[in-house]
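Here is how the chains run, residue by residue.
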Amino acid sequence: MTAPQDGKPAVLGGTPRITGNLPITRPTLPGGAEVASDVAEIIAGGQLTNGERVAAFEERAAAYLGVEHAVAVSSCSIGLLLVARCLGLEGEVILPSYTFCATAHALLWNGLVPVFVDCRADTWNIDPARAAAAITPRTSAIFAVHVFGNPCALDELTALARRHGLALVVDAAHAFGSRYAGRPVGGWGAAEVFSLSPTKVLVAGEGGLIGTRDPRLAERLRMARNYGHAGDYDCRLCGVNARMTEMNAALGLRCLAALEENLERRLHRVWEYVARLGGLPGVSVQRVRPGDRSTYKDFTIRVDERAFGLDRDDLAQALAAEGIATKKYYHPAVHDQQAYRAFRPPAGRLPVTSDLARRALSLPLYSHMPPAEVAAVVEAVAAIQRYAGDVAGTLQSARPNRKGVALNVPAAM
Ligand SMILES: *Cc1c(COP(=O)(O)O)cnc(C)c1O
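Cut-offs used in this document
Residues numbered from 1 in each chain as written. Predicted model: local features only at pLDDT ≥ 70, side-chain atom pairs only at ≥ 80, totals over all residues. Heavy atoms only, no water. Helix = DSSP H or I, 4+ residues; strand = E, 2+ residues; numbered from the N terminus. Buried < 20%, exposed > 50% of the residue type's maximum accessible area, 1.4 Å probe, protein only. Polar contact = N/O pair within 3.5 Å; in protein donor to acceptor, adjacent residues only side chain to side chain. Contact = heavy atoms within 4.5 Å. Pairing = 2+ DSSP bridges. Axes fitted to C-alpha atoms, helices over the stretch in contact; angles between N-to-C directions. Expected span 1.5 Å × (residues − 1). Arc of directions from axis to C-beta. Domains from an automatic or database assignment. Buried area = accessible area lost by both parts, 1.4 Å probe. Patch = residues over 30% accessible without salt bridge, like charges linked within 9 Å, V, L, I, M, F, W, Y side chains within 5 Å. Areas by Shrake-Rupley, 256 points an atom, 1.4 Å probe, with all protein chains shown as cover. Salt bridge = Lys/Arg side-chain N within 4 Å of Asp/Glu carboxyl O. Core = buried A, V, L, I, M, F, W, Y, C linked by side-chain atoms within 4.5 Å. Phe/Tyr/Trp six-rings, centres within 6.5 Å; stacked < 30°, edge-to-face > 60°.

1. Here we look at the side chain of Ser75
Right, so step 1: Mapped onto the elements of the fold, Ser75 is located in the loop between strand E1 (69–73) and helix H3 (76–86).
Right, so step 2: Given a relative accessible area of 19%, Ser75 falls into the buried group.
Right, so step 3: At a separation of 3.4 Å, a polar atom in the side chain of Ser75 contacts the main-chain amide nitrogen of Ser77.
Right, so step 4: In this view, Ser75 contacts Gly207 and Gly208; residues no more than four positions away in its chain are not counted.

2. What to know about the sheet that holds strand E12 (residues 360–363)
Right, so step 1: A sheet is described by the order of its strands in space; here 3 strands give the open sequence E10-E11-E12, paired in antiparallel fashion. With one partner strand each, in any of the chains shown, strand E10 (283–285) and E12 form the two edges of the open sheet. Within this sheet the neighbouring strands show an average axis-to-axis angle of 40°, counted without direction.
Right, so step 2: In the sheet, E10 pairs with strand E11 (residues 299–303) via 3 bridges, with the strands oriented antiparallel. When the bridges of E11 are listed, Ser284 appears paired with Arg302.

3. Topic: the side chain of His229
Right, so step 1: With respect to the helices, strands and loops of the structure, His229 is situated in the loop between helix H7 (215–224) and helix H8 (246–257).
Right, so step 2: Here Gly231 takes part through its backbone nitrogen, which lies 2.9 Å from a polar atom of the side chain of His229.

4. Some remarks on helix H2 (residues 52–65)
Right, so step 1: The end-to-end C-alpha distance of H2 is 20 Å, a good match for the 20 Å that 14 residues give at a rise of 1.5 Å each.
Right, so step 2: By the burial criterion, the buried members of H2 are Arg53, Val54, Phe57, Glu58, Ala61, Ala62 and Leu65. Mapping the buried residues of H2 onto a view down its axis gives an arc of 165°, with all of them on the same face. In H2, those exposed residues whose orientation departs by more than 90 degrees from the buried face are Glu52, Glu59, Arg60 and Ala63.

5. Points about the domain arrangement of the protein chain
Right, so step 1: The domains assigned to the protein chain are domain 1 (32–257) and domain 2 (259–398).
Right, so step 2: Computed from C-alpha coordinates alone, the two centres of domain 1 and domain 2 are separated by 26 Å.
Right, so step 3: Counting residues at the interface gives 41 residues for domain 1 and 40 residues for domain 2.
Right, so step 4: Carbon and sulfur atoms make up 60% of the area that domain 1 and domain 2 hide from each other, which totals about 3400 Å².
Right, so step 5: When the area that domain 1 buries against domain 2 is broken down by residue, the three leading residues are Tyr98, Trp124 and Phe148, summing to 22%.

6. A few points about unusual backbone geometry
Right, so step 1: The peptide bond linking Tyr329 to Tyr330 adopts the cis configuration, its omega dihedral lying at -10°.
Right, so step 2: Here the residue pair His331 and Pro332 is connected by a cis peptide bond, since its omega of -5° sits within 30 degrees of zero.
Right, so step 3: Mapped onto the fold, Pro332 is located in the loop between helix H11 (312–321) and helix H12 (351–359).
Right, so step 4: Non-glycine residue Tyr233 carries a positive phi angle of around 65°.
Right, so step 5: Along the chain, the position of Tyr233 falls in the loop between H7 and H8.

7. Quick look at a nonpolar patch on the surface
Right, so step 1: Together, Val39, Ile43, Leu48 and Met247 make up an exposed nonpolar region whose accessible area comes to about 310 Å².
Right, so step 2: Summarising the element assignment, Met247 is placed in helix H8.

8. Let's talk about the nonpolar core
Right, so step 1: Within the largest apolar cluster, 46 residues are counted, with the highest numbers of intra-cluster contacts made by Phe57, Ile94, Ile126, Ile142, Phe176 and Leu209.
Right, so step 2: Residue assignment for this core shows that the elements contributing at least two residues are H2, E1, strand E3 (113–117), strand E4 (139–145), helix H6 (154–164), strand E5 (167–171), H8 and helix H9 (259–277).
Right, so step 3: Setting aside its immediate chain neighbours within four residues, Ile126 contacts Ile94, Leu95, Pro96, Val117, Asp118, Cys119, Ala131, Ile142, Phe143, Ala144 and Leu157.

9. Remarks on the packing of aromatic side chains
Right, so step 1: Counted under the stated rule, the structure contains 14 aromatic pairs.
Right, so step 2: Residues Tyr273 and Phe299 carry aromatic rings whose centres are separated by 4.7 Å and whose planes lie at 5° to one another, so their mutual orientation is stacked. Taken together, the residues Tyr273 in helix H9 and Phe299 in strand E11 connect sequence positions 26 residues apart. Exposure class is identical for Tyr273 and Phe299. Each is buried.
Right, so step 3: Counting every residue linked through ring pairs, the aromatic cluster contains Tyr98, Trp124, Phe148, Tyr329 and Tyr330.

10. Points about the pairing of strand E8 (residues 191–195)
Successive residues of a regular strand alternate their side chains across the two faces of the sheet.
Right, so step 1: When you tally the buried positions in E8, you get 5 out of 5 residues, the bulk of the element.
Right, so step 2: Here E8 shows a buried face lined by Ala191, Val193 and Ser195 and a second buried face lined by Glu192 and Phe194.
Right, so step 3: Summarising the sheet, E5 and E8 pair through 3 bridges and their orientation is parallel. Residue pairing in the sheet places Val169 in a bridge with Ala191 of E8.

Structure representation (structure tokens):
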């Protein structure tokens with residue numbers, strides 16, 4: 001799949017480093033035969049939902065996370081939405097803008113006002129000092145995010161939430177397997193919500209998992225995912241169908257059993273990336289606190305155009321010519337998206353977020369990625385930098401008004 005290096009980047013006429021296309025990620029999955037036998041058993045039993053596999057998946061996930069309750073749902077999006085609903089949040093909720101849109105959507109679906117605050121320049125996670133400064137008498141909660149799996153400042157945020165009587169909820173979509181001060185995340189705040197969709201590290205096809213230590217919240221969430229009742233059709237709250245299917249739970253169980261092994265392989269790829277790209281001028285990476293473990297849902301570099309010689313967008317285009325897919329996570333940042341126009345803070349209020357939205361680039365990473373592919377990406381980035389001046393000139397003359405093209409973002413619902 002990888003071509004021998006011949007110097008020049010493909011965008012200048014060299015041979016592309018990848019023959020075909022290297023995707024940004026691939027799910028690392030169990031063997032088809034094992035999954036087929038699970039599905040055959042489920043079909044033979046006839047119980048497609050609310051069955052023993054969902055219960056077993058919840059039990060094993062709770063044990064892995066070291067948390068009392070794990071509630072499986074159909075997605076992380078709906079999990080976040082139901083947590084906000086079941087906690088009875090009102091008014092304003094403080095959250096980072098350097099995140100995936102679903103963090104904020106959970107608030108809008110509940111009629112809550114998102115108050116965006118900046119992230120830290122080193123960890124790329126919500127800045128507790130900025131969160132503290134945004135608290136008003138109308139604030140009911142802080143929604144934090146473990147961005148790319150890097151644990152956010154859980155101790156500081158827990159103390160802050162306690163001091164002001166706020167709920168702390170963590171969007172842990174990226175972070176199943178992450179560790180904070182040596183312990184798995186999942187049990188901090190009122191709840192932490194994981195995603196099990198195919199681009200995440202732990203996969204169930206589609207799915208979400210809510211970790212909580214609060215038995216009352218867990219009970220309400222179990223009702224909320226089942227229309228709002230506890231099996232007796234007497235709804236205590238206005239719920240929804242957010243159940244996980246037995247097929248998804250079966251896949252989740254197999255992937256959970258392989259998680260540590262896959263994470264270890266994944267982190268080796270990341271160390272290789274960091275060792276070989278971290279030293280390039282103009283390339284920096286997210287800081288993970290000593291003692292913490294990130295899952296690296298994505299491996300993302302920050303490209304400083306002055307030192308690198310080329311900006312993030314040009315690097316992405318030059319890598320595409322090599323057959324290497326990238327993602328501009330998170331551009332536009334949530335506060336700059338059209339659906340959030342009414343909640344946009346004054347210009348310049350989120351400088352670190354805006355900087356990352358403009359400069360961050362996620363590179364291909366998956367747990368079973370062949371080391372040769374990592375090497376090909378590294379060599380491509382290095383070659384593009386060696387020829388940065390020529391690459392910039394070629395791209396600029398090909399697309400003179402590229403920077404002026406409007407963003408094509410779906411309109412608000
Ligand atoms: C993927 C993702 C979600 C949504 O997860 P789904 O399971 O697809 O609903 C939420 N938050 C973040 C930060 C994500 O990356």
